[in-house]
Amino acid sequence: MSTIENYLLTVSALHTRMWAQAKPLEKRLRDLDAEYQAASRRPITDVVSRGAAAILLTQINATTDKLNAVYDDWQRTLSLITPPPPTIDPNTFPPPRTPGKLSARIPWPQDIPAEVKRQLGRMIDQGGIPVSKRVAVTVARAPYGGTGVVVEFAKW
């Protein structure tokens, strides 16, 4: 197998694994939202439905946090996979352009939404997140005196 095929298989395996984690959370979130909408449509005097709406809201927030963590992990892992170097034929000048984007050749799982494909494809095509946005080097003071250099990784 070529380097590009290995890269595409790695990215495809990552998408399949991460989508298997995200899909049930998205379904759960849709179900909770439907229940919350039904409970919030009841009259204000219905105390039981108001209590159920409050409980559903905390479950929605917890599910949303889990889903966001999965998507953050997905993006972080994807940004760590480095794309293969372009292949250059020394017999040709200038080097030939590769047709299409690299993300267009990835075998995506069937049920990944288009907006997720678009966002992750954009990260693949730009080669990950630029280091300047992820890493900052700052000077810090130690608690017991002295100074040093700290490498901070941005939370995204």
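Only a predicted model underlies this, so the values are computations on that prediction, with no experimental measurement involved. (Residues numbered from 1 in each chain as written. Predicted model: local features only at pLDDT ≥ 70, side-chain atom pairs only at ≥ 80, totals over all residues. Heavy atoms only, no water.)

(A) Representation of the overall build of the protein within the structure. Broken down by element type, the protein carries 4 helices and 2 strands. If you list the helices and strands of the protein from N to C, you get α-α-α-α-β-β. A total of about 11100 Å² of accessible surface is found on the protein, and carbon and sulfur atoms cover 59% of it. (Helix = DSSP H or I, 4+ residues; strand = E, 2+ residues; numbered from the N terminus. Areas by Shrake-Rupley, 256 points an atom, 1.4 Å probe, with all protein chains shown as cover.)

(B) Layout of the nonpolar core. Ranked by size, the top nonpolar core spans 19 residues in total, and within it Ala22, Tyr71 and Trp74 carry the most contacts. Mapped by element, the contributors of at least two residues to this core are α1 (3–40), α2 (47–80) and α3 (114–125). Per-element tally for this core: the top contributor is α1, with 8 residues. Once residues lying within four places of it in the same chain are set aside, the contact partners of tryptophan 74 are Leu14, His15, Met18, Trp19, Ala22, Ile112, Val116 and Leu120. Of all hydrophobic cores here, the second largest spans 5 residues; its members include Leu32, Ala39, Leu56 and Ile60. (Core = buried A, V, L, I, M, F, W, Y, C linked by side-chain atoms within 4.5 Å. Buried < 20%, exposed > 50% of the residue type's maximum accessible area, 1.4 Å probe, protein only. Contact = heavy atoms within 4.5 Å.)

(C) Summary view of the pattern of salt bridges. Counted by the stated rule, this structure contains 1 salt bridge. A salt bridge links aspartate 31 to lysine 27; the nearest nitrogen and oxygen atoms lie 3.1 Å apart. One end of the pair is aspartate 31 and the other is lysine 27, both in helix α1 and 4 residues apart, which spans about a single turn. When its relative accessible area of 35% is taken as the criterion, aspartate 31 is described as partly exposed. Judged by relative accessible area, which is 47%, lysine 27 ranks as partly exposed. (Salt bridge = Lys/Arg side-chain N within 4 Å of Asp/Glu carboxyl O.)

(D) Representation of the packing of aromatic side chains in the model. A full pass over the atoms with the stated rule returns 2 aromatic pairs. On the numbers, 6.4 Å between centres and 50 degrees between planes, the contact of tryptophan 19 with tryptophan 74 is tilted. A residue pair is termed long-range when its members are at least 10 positions apart, and tryptophan 19 in helix α1 and tryptophan 74 in helix α2 qualify at 55 residues. Like tryptophan 19, the residue tryptophan 74 is buried in the burial classification. Judged by centre distance (5.8 Å) and plane angle (20 degrees), the rings of tyrosine 71 and tryptophan 74 are stacked. (Phe/Tyr/Trp six-rings, centres within 6.5 Å; stacked < 30°, edge-to-face > 60°.)

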